[in-house]
Amino acid sequence: MKVSRVVFSGNVLGWTAGQATGFAMLDRLVDAGLTTIDTADAYSGWVPGHQGGESESVLGAWLRARGPAQRERVQIMTKVGKRAAANPPPGEGLSPGYIAQAIDASLARLGTDYVDVYFSHAFDPAVPQADTLGAYQRLIDAGKVRAIGASNFSAPQLRDALNIAHAHQLPRYQVLQPEYNLIDRANYDGPLRDLAIFEHLTVVPYYGLASGFLTGKYRTEADVAGKARGARVKGYLTPRGLRVLAALDEVAAQHGAQPGEVALAWLMARPGVTAPIASATSVAQVDGLIRATQLSLRPADIAALDEASAPGPSPVGNAV
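Quick notes on the rules
Counting of residues starts from 1 at the beginning of each chain's written sequence and follows it residue by residue. The predicted nature of this model means local features are confined to residues of pLDDT at least 70 and side-chain atom pairs, given and counted, to a pLDDT of 80 or more, with totals for whole chains, interfaces and linings taken over all residues. Side-chain numbers come from the whole structure's heavy atoms, not from hydrogens or water. Comment: elements are numbered from the N terminus, with helices defined as DSSP H or I runs of at least four residues and strands as E runs of at least two. Multiplying one less than the number of residues by 1.5 Å gives the expected span of a helix. Relative accessible area decides the class of each residue, using a 1.4 Å probe on protein chains only: under 20% of the type maximum gives buried, over 50% gives exposed, and in between gives partly exposed. Two residues qualify as a contact provided that any one of their heavy atoms is within 4.5 Å of a heavy atom in the partner residue. Note on pairing: two strands pair once DSSP finds at least 2 bridges between them. Handedness of a crossover is defined as follows: with both strands directed away from the viewer, a clockwise route from the first strand across the helix to the second makes it right-handed. Between 30 and 60 degrees the pair is tilted, below 30 it is stacked and above 60 it is edge-to-face, where a pair is any two Phe, Tyr or Trp rings, Trp via its six-membered ring, whose centres lie within 6.5 Å.

Engineer: Tell me about helix α4 (residues 96-110), and name the residues and values.
Structural biologist: Look at α4: 21 Å from first C-alpha to last across 15 residues, which is about the 21 Å you get at 1.5 Å a residue. Those residues of α4 that sit buried are Y98, I99, A102, I103, A105, S106, L107, R109 and L110. The elements touched by buried residues of α4 are α2 (54-66), β3 (75-80), β4 (115-120), α5 (129-141) and β5 (145-151). Of the residues trailing α4, G111 is marked for its positive phi of about 65°.

Following this line, the structure appears as structure tokens:
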């Protein structure tokens, strides 16, 4: 499975990046060889007045504008399961009937006949995993989906899915998308990482830049005031978060790089990680994603970042 060294998060498309900016960013990414794009039917349903599907629609408009050959240059990942009011009822979940309708809605918005990876956006305890995997088998047989992935699954949930796929000769999840970055390490480090490595899964962690916090542009509560991601980023303004930023600043200065580039390079060096997912809202920020793929950290750099981001009491000052 081809995955570029950084996967572009399309959650900004139709939200913090309008169509013109989105087109310019996508053009720059593809020209630089970063050809894997992650989206979801639920993006950006959290915005007042949005119904979900906005990201897929912008991406589809770009594909149509660039012509049929562009589809073969890119790898598109999208998801099903989280609330998407734009989809047919019930608009969420992993039941076979809903999956069959949701994929058609996504393909229509994307303007394509297939997606490269179709993710279960979150585990659905109301639906047997064998039923969900059976639905994916039918989509693969129909040529609508090339591979399937699991997002936001725990290690036991993923282990069960892989066992069920083996026992019933159903398609197995080949791609894992956990939340993982220098700040949010608990969901992946440990059993989930070990399982992914053992099963040779492609791992594409999301929130690679922790909603922009790891770029270093948010260091005080005043910096996050009025920002689209402000509520989430404010939670990172802790002694540990500031310790991580200080370590990023130091390593970045030694390499003539930016903190966000170092944060992504750290992720690319992590055991089992195939490619981090990161977003941008301008072509200049896309250039930072590109530079991150060209940055090689030294063992001492990685050790410093590991130490700064380790959970536990912070040796620096009081909480912000």
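Text resumes after the structure shown.
Engineer: Which residues make up the pairing of β4, and what are the values?
Structural biologist: Counting buried residues in β4 gives six out of six residues, a clear majority hidden from the surface. Bridge count for β3 against β4 is four bridges, and the pairing is parallel. By the bridge assignment, V80 is partnered in β4 with S120. Crossover handedness for the path β3 to α4 to β4: right-handed. Of the pairings in the sheet, the one linking β4 to β5 comprises five bridges and is parallel in character. Paired with Y118 across the strands is I148, a residue of β5. Handedness of the crossover joining β4 and β5 through α5: right-handed.

Engineer: Explain the packing of aromatic side chains to me, and be specific about the residues and the numbers.
Structural biologist: Considering all chains together, one arrives at 10 aromatic pairs under this definition. Measuring from centroid to centroid gives 5.9 Å for Y180 and W266, while their planes differ by 40°, and the two rings are tilted. One end of the pair, Y180, is in the loop between β6 (175-177) and α7 (191-198); the other, W266, is in helix α11 (residues 259-268), with 86 residues separating them in the sequence. Each of the two residues, Y180 as well as W266, counts as buried. An aromatic cluster is present here, built from Y118, F123, Y136, F153 and Y173 joined pairwise through their rings.

Engineer: Talk me through the side chain of Q177; I want residue IDs and the actual numbers.
Structural biologist: Among the structural elements, Q177 can be located in strand β6. Each residue touching Q177, except ones within four places of it in the same chain, is listed here: D38, K79, F119, A150, S151, N152, V204, Y206 and I277.

Engineer: Can you lay out unusual backbone geometry for me, pointing to particular residues and giving the numbers?
Structural biologist: With omega at 0°, the peptide bond leading from Y43 into S44 counts as cis. Here S44 lies in the loop between β2 (36-38) and α2. A cis geometry characterises the amide bond from P89 onward to P90, with omega recorded as 5°. Along the chain, the position of P90 falls in the loop between β3 and α4. The backbone of S211 sits at a positive phi, close to 55°, despite the residue not being glycine. Residue S211 is classed as buried on the basis of its relative accessible area, which comes to 7%.

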